[in-house]
Amino acid sequence: MPRFGEIGDPTAVENLYVEKIVVYVEGEVDANLYYEIAGSDVRGHLEFRGPPVGGGGSDAVITRVRAERPVNAKVFGLVDGEAAAKAGAVDKLLECTDLFFRLDDPGFMGILFLGQHELENLLAMSGDLPDVILRDLEPRLIGQITREEVEKSITEATRIFFFAALIKYASVTLNHQFRTAGAQGCRTLQSSQFLDRRGFRVTLAEIRAQVAAEGEVTWGQLRREIRRTHQAFVGRLRTAGADVHEVSLAKLRVADGKSLLKLLKRRYSPGGRWESHLATAIGGTDFGETFRHHLLAMTT
Amino acid sequence: MDLAITDWRVLQLTVKDVGPFRHGQTTISFRGETPPKGVNPGDGPDEPANIFMLIAPNGIGKTTVLEAIYGMFALLNRPSEGMFSSPLFEGAVQLDLRGTWHIDGFARSVLLSMWIGSTGPLIDWKDVDLEEEARASEWAKLSLAVIAGEAQTLEESNDLGRALFREMQEALKELTDPQSHSSRLPTLLYFPADRSVIAPQGERMVIRPDHWGYQPAHQFSHDGPEWISSIDNLLAWMENIGDEGLPDLLQSVNEHLFGNGSEKRVLPPDPTHHLTFVETPTGFHPLSALSHGERSLLQMFVRVFAHMTENTILLIDEIELHLHTRWMNRMFESFKRILQSSAGLTLIFTSHDRELIHVFNHKTPEPGLTKGGFLITQELV
């Protein structure tokens, strides 16, 4: 594939030229965080990049990888675990016990899915989130908050955004099923709606009203899918004999991580740069090393 | 015979057992990927490029490709030069170029194949390929061998091929001023990657510079430290012989080296001391006071403007050498402008600079530029 035109655009040419593993992630900010986690010396073998066209997000990554893979087998994508729901494979995320998972679908060749809802979950689970929060409190709270209070807030936020994520997964899964059957899809119910300051119940009621008004899917269909997903999730934990802490961690793994951190920041430090602090803290630890080894093993 | 050439372009290079290309025959196409802005893609994408980027990891043939193109033309120097002039050379190479040949007032589209190391051509252009792929009406064949240090045409050559060979040989060392016959003949200027720029030391004198006059191929490995090979000497020589092209050359060099509106400029050489000065806001400095990067750019621009003919192939290995990324981009923009104003000039360059892949951007059409690129991969060698 030697002519530039046969390879693709300048980025595709560059990727083939450098002879390294290229891992497209959902944006440049994510790329920098992944470098922090995996260690910047990983650059000798592997480069993280945001998609050069189509903005960010999992769709742009998947489109890009599909375009480049035919000429460059060293190109991969690393997307949020929640993206599997769009392919009707949310169960793969729910049952994942590893750092990453793949789909068998040939349309997702070269795509790695995070074993968490998204990168923020990985950061929150693998770093010491309460410690980072306490170190980055807004001035008026310094000395006023204990670690126990922060841990309680995290648990509460996890409970909300675990449920919020289940609603989102259910809507995305139903959308996928409808489209596969040739029918009109339904709208994705964004879990970030639960950031609404009026509270969980008000938001839930509004979502129900929205669903009813749109008429693309009934609340009953949605509730059945939420229940199915929840039972599958809980069932696995029961089978594994998970204790309270493990259940809490499992919920944190699949909760809407971005919204969870936003809610906590609103409470403790609106301008907090916790993601980068967490990523820096993780880099160089055993977890960072494991992440790096797993990633290299799955891309070589 | 009165022969002039226009629209001179490299079509492809075929190598066999040369450098790292040891597994059969490899052909590198120099066709464009993107036609110039304003040209219908249907009319142009297969046309030979006038700006071509060649990239590859180290050690798999990037420089060999440039050396091979240079080597084919350098065979026609007297004595023959380049990698194919050695009696130890055992491989085979064919270079295909297309141009419009004006012979005794008649224009014809001609594909020239020059080859060495093989009895017949490595690529045998059938009539249909000549017309459909090369878009030429006639095939000029030039089969070469080096005998007693000089290139000779072999019997597989044809009349057209021999005609060009003869014209180029007769023009050797002729001055390349715009009125001379040789200014319409093909030439090749090669800047290898091991070029060095060291200000000349010692005595300054008026002496005919290396590379003065027409040659099929020039290699500019270094500027200095010997006086005879320096830019300082070239400029002093041109001043001394009253070369009418010197003011234009300096104007072009200043435009591309410092940019329009710059307070810096290279002045005409001082005939008394054989020194060329650069005027700057802080005073006058000799060329030797220029930074390494400026001197590297100066070397390229002066050599191009001093030695190019109406049909010139410019080869630059590792074009970014000595240059900060900002200067590299500026130089690249300059070369694009030179190409846009010089219809018979083709630039083929290599680079290891990843940024340049994006600056070059083969997907974006630009006026007067047919862009092409080739990545040599391990599979090819």
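Nothing here was measured: the structure is a model prediction, and the numbers come from that model.

**Q** Even after reading the chapter, I still don't get the overall build of chain A, so can you show me in this structure?
**A** Check the secondary structure of chain A and you find 14 helices and five strands. Computed over C-alpha atoms, the radius of gyration of chain A comes to 20 Å, within 12% of the 19 Å expected from 2.2 N^0.38 for 300 residues, which places it in the range of a compact globule. Each principal axis of the C-alpha distribution contributes one length, and for chain A these read about 60 × 55 × 35 Å. For chain A, with 300 residues in total, the buried portion stands at 42%. Of all intrachain contacts in chain A linking residues separated by at least 6 positions in sequence, the fraction that spans at least 24 positions is 70%.

**Q** Even after reading the chapter, I still don't get the interface of chain B and chain A, so can you show me in this structure?
**A** The extent of an interface is frequently quoted as the accessible surface area lost upon association of the parts. With 16 residues of chain B at the contact, the number on the chain A side is 13 residues. Tallied by class, the residues present in the side of chain B that touches chain A amount to seven nonpolar, six polar and three charged.

**Q** Would you mind showing me how to read the domain arrangement of chain A here?
**A** All names here are of chain A. When cut into domains, chain A gives domain 1 (4-120 + 286-299) and domain 2 (128-269). At the junction of the two partners, domain 1 supplies 13 residues and domain 2 supplies 18 residues. Among the elements that line the side of domain 1 that touches domain 2, the one with the most residues is helix α5 (residues 90-95), at five residues. Its residues assigned to classes, the side of domain 1 that touches domain 2 comprises five nonpolar, three polar and five charged.

**Q** I tried to follow the domain arrangement of chain B on my own but got confused; where do I start?
**A** Residue and element names in this part refer to chain B. When the domains of chain B are assigned, the result is domain 1 (1-185 + 312-381) and domain 2 (197-308). Contacts between the two partners involve 27 residues from domain 1 and, on the opposite side, 15 residues from domain 2. Here the residues of the side of domain 1 that touches domain 2 sort into 15 nonpolar, eight polar and four charged.

**Q** Even after reading the chapter, I still don't get the nonpolar core, so can you show me in this structure?
**A** In globular proteins that are soluble, nonpolar side chains generally tend to be buried together. The biggest cluster of nonpolar side chains holds 107 residues, and the ones touching the most others in it are B:I69, B:L315, B:I348 and B:L375. Counting residues per element, this core draws most heavily on helix α1 (residues 62-74) of chain B, at eight residues. Once residues lying within four places of it in the same chain are set aside, the contact partners of B:I348 are B:V10, B:F30, B:F52, B:L54, B:L66, B:I313 and B:L315. Within the second largest apolar cluster, 75 residues are counted, among which are A:L114, A:L119, A:L166 and A:C186.

**Q** Any chance you could explain the sheet that holds strand β13 (residues 277-280) of chain B here in plain terms?
**A** Where strands meet in a sheet, backbone hydrogen bonds hold them as pairs that are either parallel or antiparallel. All names here are of chain B. The three strands lie next to each other as β12-β13-β14, forming an open sheet whose pairing is antiparallel. Edge strands, defined here as strands with exactly one partner in the open sheet, are β12 (265-266) and β14 (283-286). Pairing of β13 with β14, which is carried by four bridges, proceeds in the antiparallel orientation. Within the sheet, the bridge partner assigned to T280 lies in β14 and is G283.

**Q** Help me out: how do you make sense of the confidence of the model for chain B in this one?
**A** Parts of the prediction with low pLDDT should not have their coordinates interpreted in detail. Residue and element names in this part refer to chain B. Averaged over all residues, the pLDDT of chain B is 91; the fraction at 70 or higher stands at 96%. Mean pLDDT across the elements of chain B bottoms out in strand β9 (residues 196-197) (77) and peaks in strand β16 (residues 345-350) (98). Here the predicted complex scores 0.91 on pTM and 0.91 on ipTM.

**Q** Please clarify how helix α6 (residues 119-126) of chain A should be interpreted in this entry.
**A** With seven of its eight residues buried, α6(A) lies for the most part within the structure. Every buried residue of α6(A) is accounted for by A:L119, A:E120, A:N121, A:L122, A:L123, A:A124 and A:S126.

**Q** Just checking my understanding: could you explain the pairing of strand β8 (residues 186-191) of chain B for this structure?
**A** As a general feature of sheets, a regular strand has side chains that alternate between the two faces. Residue and element names in this part refer to chain B. β8 sits mainly inside the fold: six of its six residues count as buried. Residues P186, L188 and Y190 line one face of β8 and the alternating positions T187, L189 and F191 line the opposite face, and both faces are buried. Where β8 lies against strand β15 (residues 311-316), six bridges are found, and the strand directions are parallel. Paired with T187 across the two strands is T312, which belongs to β15. By the bridge criterion, three bridges tie β8 to strand β10 (residues 217-219) in an arrangement that is parallel. If you follow L189 over to β10, its bridge partner there is H218.

**Q** What is the right way to look at the environment of A:L252 in this model?
**A** All names here are of chain A. Within the secondary structure, L252 is located in helix α11 (residues 244-254). In the structure, L252 is positioned 127 residues away from M125 in sequence and 7.2 Å away in space, judged by C-alpha atoms. Setting aside chain neighbours within four positions, we find L252 in contact with N121, A124, M125 and T158.

**Q** It is not clear to me how the sheet that holds strand β2 (residues 46-49) of chain A should be interpreted in this structure. Could you clarify?
**A** The mixed open sheet is built from five strands, whose spatial order is β2-β1-β3-β5-β4 (chain A). One side of each edge strand has no neighbouring strand; the edge strands of this open sheet are β2 and β4 (100-101) of chain A.

**Q** Looking at this structure, I do not really get the environment of B:E133. What am I missing?
**A** Structurally, B:E133 can be placed in the loop between α2 (127-132) and β6 (138-147). Residue B:E133 is classed as partly exposed on the basis of its 16 C-beta neighbours within 10 Å.

Cut-off values and rules
Residues numbered from 1 in each chain as written. Chains lettered and ligands numbered in written order. Predicted model: local features only at pLDDT ≥ 70, side-chain atom pairs only at ≥ 80, totals over all residues. Helix = DSSP H or I, 4+ residues; strand = E, 2+ residues; numbered from the N terminus. Rg over C-alpha atoms; globule rule 2.2 N^0.38 Å. Buried ≥ 20, exposed ≤ 12 C-beta atoms within 10 Å, placed from the backbone. Contact = placed C-beta atoms within 7 Å. Nonpolar A, V, L, I, M, F, W, Y, C, P; charged D, E, K, R; others polar. Domains from an automatic or database assignment. Core = buried A, V, L, I, M, F, W, Y, C linked by C-beta atoms within 7 Å. Pairing = 2+ DSSP bridges. pLDDT = per-residue confidence, 0-100.

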